[in-house]
Protein chains: 2
Amino acid sequence: MLVKSQVKYIQSLGHKKFRDAEGVFVAEGPKLVGELLQAPNVRPAQLFALSEWIRQQDLKSGHADTQSVIEIKQTELERISFMTTPNQVLGLFKKPAFSSQDLSGKVTLALDDIQDPGNLGTLVRIADWFGIDQIVCSEETTDVFNPKVVQASMGSICRVRVTYQSLEKFFDGHPGVSVYGTTLTGKAVSTMDKIKSGVILIGNESKGIAQELYPYISQQVTIPRAGHAESLNAAVAAGIVISHLVAPARQTT
Amino acid sequence: MLVKSQVKYIQSLGHKKFRDAEGVFVAEGPKLVGELLQAPNVRPAQLFALSEWIRQQDLKSGHADTQSVIEIKQTELERISFMTTPNQVLGLFKKPAFSSQDLSGKVTLALDDIQDPGNLGTLVRIADWFGIDQIVCSEETTDVFNPKVVQASMGSICRVRVTYQSLEKFFDGHPGVSVYGTTLTGKAVSTMDKIKSGVILIGNESKGIAQELYPYISQQVTIPRAGHAESLNAAVAAGIVISHLVAPARQTT
């Protein structure tokens, strides 16, 4: 059974202000919730689930205990869900705390003002696929704990450390680091050598990389165009650049 | 002014059955509509626009004439729009007729059961970027004239020939063509030579390439994984594979 205050509380978590204040985010569906319950750095605060999901769980094997699960009906799930097709369980999880980033010996992704939640979730998933375990976002970038980003990341959100700060301050704090910026006038990415460390910088969906960040770029990289499309989707472009630049040193397949 | 029958007609075009029967599709927003008005192979059937859009147009420079434009109010646009944020103009365009595909001397993209409209639109845009001008879709693949696909393709829909047929029949009809299928157990795409012709086959978002298509694959290709994400988005994966395999022979940047 759900009470009104719980519905209101969950709905408030659609807003960054409340997520920040509560330190909590929303994840939905058996697959994603199951993955987060197994993640070492994420703890459940409260789960709202249909009886069918509860029956399928061996709650003791995860981090959840029976006290943190509230059984609800389908109509109640529809009231609290952020998805168009609610699926069995909605979980509230405590946001993992990530400390400042160490850049040495690894590739870091930097995102300048990515606005679309689907793009951001896809970017987190791309980073996770290629073994990039940290992302630094400009302060204007969409919140990674937005429910749509969480769903689009498909669990990668618990494996990739995503932090927010002014990218100018970030680059100022790491002088000498190689920064590969994706632009329309750089070196063809297919002709470049693989990198073992450095920062790959991706710009905003329509405006690209902000002018004030250009002085920090050591090498501009470009995906050569053979046809007529005006642009590539930001996540697709990032996937292509990363696949060409980042050596699969620790291949897991 | 809009009449009720027009509203009903436009809404019906959200369904493939009616789009097929009428041979018409919907495109919205000044940028996309403007691009389609300039496209040689697409003709407008009817435009519904706010006065501000009509004023900005030099209608004689495009294919539209004044008779095909109906001035409507913002509230009327909201009633007929398929977008969450309607933008000045909604156009009905006659679907271009594409004949059967010639595969010689060029790279063709084949899509097996792509379901998400956003993914399909992004795939059309990727093809257009890399100079691939034809896509063959399995009959189960989402309709390319679905309004969401049209919007996501950002105009590439008028430059890339997209046809639908059984992929088994398609491959049977082109014996000897090289088929590069994206799977999880193929050759690392970064180690492969560039191709000048052949078919790149992309599978369904969750199920991958259908088993019955495997006999047609000449070379399985894989994007090596270094991290832990379970999969890559289908459009991202296609973009990566195409960027590695297709030589930018006719670079336009």
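Our structure's up above, just so we're on the same page.
The structure displayed is predicted, hence computed values, not measured ones.

Asks: Help me understand the packing of aromatic side chains, please; the structure alone is not making it clear to me.
Replies: For any pair of aromatic rings, geometry is given as the distance between the ring centres together with the angle between the planes. Taken as a whole and assessed by the stated rule, the structure comprises 8 aromatic pairs over all chains. Linked through ring pairs, Phe25(A), Phe93(A) and Phe145(A) together constitute an aromatic cluster. Over the face of the ring belonging to Trp129(B) we find Arg225(A), whose NZ or CZ atom lies 5.5 Å from the ring centre.

Asks: Help me understand the interface of chain B and chain A in this model?
Replies: Size of an interface: often given as the accessible area lost when the parts come together. Each side of the interface is counted separately: chain B has 35 residues, and chain A has 35 residues. Between chain B and chain A lies a buried interface of about 3,400 Å² when both sides are counted; carbon and sulfur atoms form 60% of it. Of all residues in chain B, the largest losses of buried area upon contact with chain A belong to Trp129(B), Arg225(B) and Ala226(B), amounting jointly to 23% of the total for that side. For Lys31(B), the salt bridge is made with Glu230(A), and the minimal N-O distance between the two is 2.6 Å. At the surface where chain B touches chain A, the tally comes to 20 residue pairs in polar contact (both at pLDDT 80 or more). Looking at the side of chain B that touches chain A, the elements that each hand over two or more residues are α6 (117-129) and α9 (234-245) of chain B. Of the residues forming the side of chain B that touches chain A, the biggest block, 6 residues, is contributed by α9(B). Its residues placed into classes, the side of chain B that touches chain A shows 13 nonpolar, 14 polar and 8 charged.

Asks: Explanation requested: the pattern of salt bridges in the structure shown.
Replies: Pairing is possible between side chains that carry opposite charge, provided their charged atoms lie close to one another. The final tally for this structure, using the stated rule, is 16 salt bridges over all chains. Asp128(A) is the salt-bridge partner of Arg159(A), the closest N and O atoms lying 2.8 Å from each other. Here Asp128(A) lies in helix α6 (residues 117-129) and Arg159(A) lies in the loop between α7 (147-153) and β7 (161-164), a separation of 31 residues in the sequence. The exposure class assigned to Arg159(A) is partly exposed, which follows from its relative accessible area of 27%. Exposure remark for Asp128(A): the relative accessible area of 4% places this residue in the buried category. Between Lys106(B) and Asp133(B) there is a salt bridge whose closest N-O contact spans 3.0 Å. Taken as a pair, Lys106(B) in the loop between β4 (89-94) and β5 (107-111) and Asp133(B) in the loop between α6 and β6 (134-137) lie far apart in primary sequence, 27 residues in all. Residue classification places Lys106(B) among the partly exposed residues on the basis of a relative accessible area of 25%. We classify Asp133(B) as partly exposed; its relative accessible area is 29%. Three or more residues joined by partner-sharing salt bridges are found here, namely Lys16(A), Asp20(A) and Lys95(A).

Asks: What is the right way to read the relation of the copies chain B and chain A from this model?
Replies: To go from the first copy of the chain to the second, apply a rotation about an axis and then a shift along the same axis. Mapping chain B onto chain A is achieved by rotating through 180 degrees and translating by 0.0 Å along the same axis, at an RMSD of 0.0 Å. Here the symmetry operator amounts to a two-fold rotation axis. Comparing interface residues between copies, 100% of those in chain B also lie at the interface in chain A; the contact surface is shared.

Asks: Sorry, what's going on with the nonpolar core here?
Replies: One recurring pattern in soluble globular proteins is that nonpolar side chains are buried together. Ranked by size, the top nonpolar core spans 112 residues in total, and within it Ile200(A) and Ile200(B) carry the most contacts. Setting aside anything within four residues of it in sequence, one finds Ile200(A) in contact with Val107(A), Thr108(A), Leu109(A), Ala110(A), Tyr180(A), Ile195(A), Val241(A), Ile242(A), Leu245(A) and Val246(A).

Asks: Would you mind going over the pairing of strand β8 (residues 179-188) of chain A with me for this structure?
Replies: Along a regular strand, successive side chains alternate from one face of the sheet to the other. Residues and elements named next belong to chain A. Relative to strand β9 (residues 198-202), β8 runs parallel, the two sharing 3 bridges. From the neighbouring strand, Gly181 faces β9, where its bridge partner is Leu201. Inspection of the sheet shows β8 paired to strand β10 (residues 219-222) by 5 bridges, in the parallel sense. From the neighbouring strand, Lys187 faces β10, where its bridge partner is Val221.

Asks: Explain the packing of α6(A) against helix α9 (residues 234-245) of chain A to me, please; I cannot follow it from the model alone.
Replies: To characterise two packed helices, one gives the angle between the axes of the helices and the distance between these axes. All names here are of chain A. Between α6 and α9, whose axes approach to 9 Å, the crossing angle comes to 15 degrees. If you check the angle between α6 and α9, you find them roughly parallel. Once α6 is placed against α9, the crossing between them reads as right-handed. Where α6 approaches α9, its residues Asn119, Thr122, Leu123 and Ile126 are matched on the opposing element by Ala234, Ala235, Ala238, Gly239 and Ile242.

Asks: Would you mind showing me how to read the sheet that holds strand β1 (residues 24-28) of chain B here?
Replies: Note: strands within a sheet are paired through backbone hydrogen bonds, in either parallel or antiparallel orientation. Residue and element names in this part refer to chain B. The 4 strands are arranged β1-β4-β2-β3 in an open sheet whose pairing can be described as mixed. Of all the strands in the sheet, just β1 and β3 (69-71) have a single pairing partner and so form its edges. This sheet shows a mean twist of 20 degrees between the axes of neighbouring strands, independent of strand direction. Alignment of strand β2 (residues 43-49) against β4, held across 6 bridges, turns out to be antiparallel. Paired with Gln46 across the strands is Leu92, a residue of β4. Docked against the sheet, helix α1 (residues 4-12) engages β1, β2, β3 and β4, running at close to 65 degrees with respect to β4.

Parameters and conventions
- Residues numbered from 1 in each chain as written.
- Chains lettered and ligands numbered in written order.
- Predicted model: local features only at pLDDT ≥ 70, side-chain atom pairs only at ≥ 80, totals over all residues.
- Heavy atoms only, no water.
- Phe/Tyr/Trp six-rings, centres within 6.5 Å; stacked < 30°, edge-to-face > 60°.
- Lys NZ or Arg CZ within 6 Å of the ring centre and 35° of its normal.
- Contact = heavy atoms within 4.5 Å.
- Buried area = accessible area lost by both parts, 1.4 Å probe.
- Salt bridge = Lys/Arg side-chain N within 4 Å of Asp/Glu carboxyl O.
- Polar contact = N/O pair within 3.5 Å; in protein donor to acceptor, adjacent residues only side chain to side chain.
- Helix = DSSP H or I, 4+ residues; strand = E, 2+ residues; numbered from the N terminus.
- Nonpolar A, V, L, I, M, F, W, Y, C, P; charged D, E, K, R; others polar.
- Buried < 20%, exposed > 50% of the residue type's maximum accessible area, 1.4 Å probe, protein only.
- Least-squares fit on C-alpha atoms with pLDDT ≥ 70 in both.
- Core = buried A, V, L, I, M, F, W, Y, C linked by side-chain atoms within 4.5 Å.
- Pairing = 2+ DSSP bridges.
- Axes fitted to C-alpha atoms, helices over the stretch in contact; angles between N-to-C directions.
- Parallel < 35°, antiparallel > 145°, perpendicular 65-115°, else oblique.
- Left-handed = near helix turned anticlockwise from the far one by under 90°.

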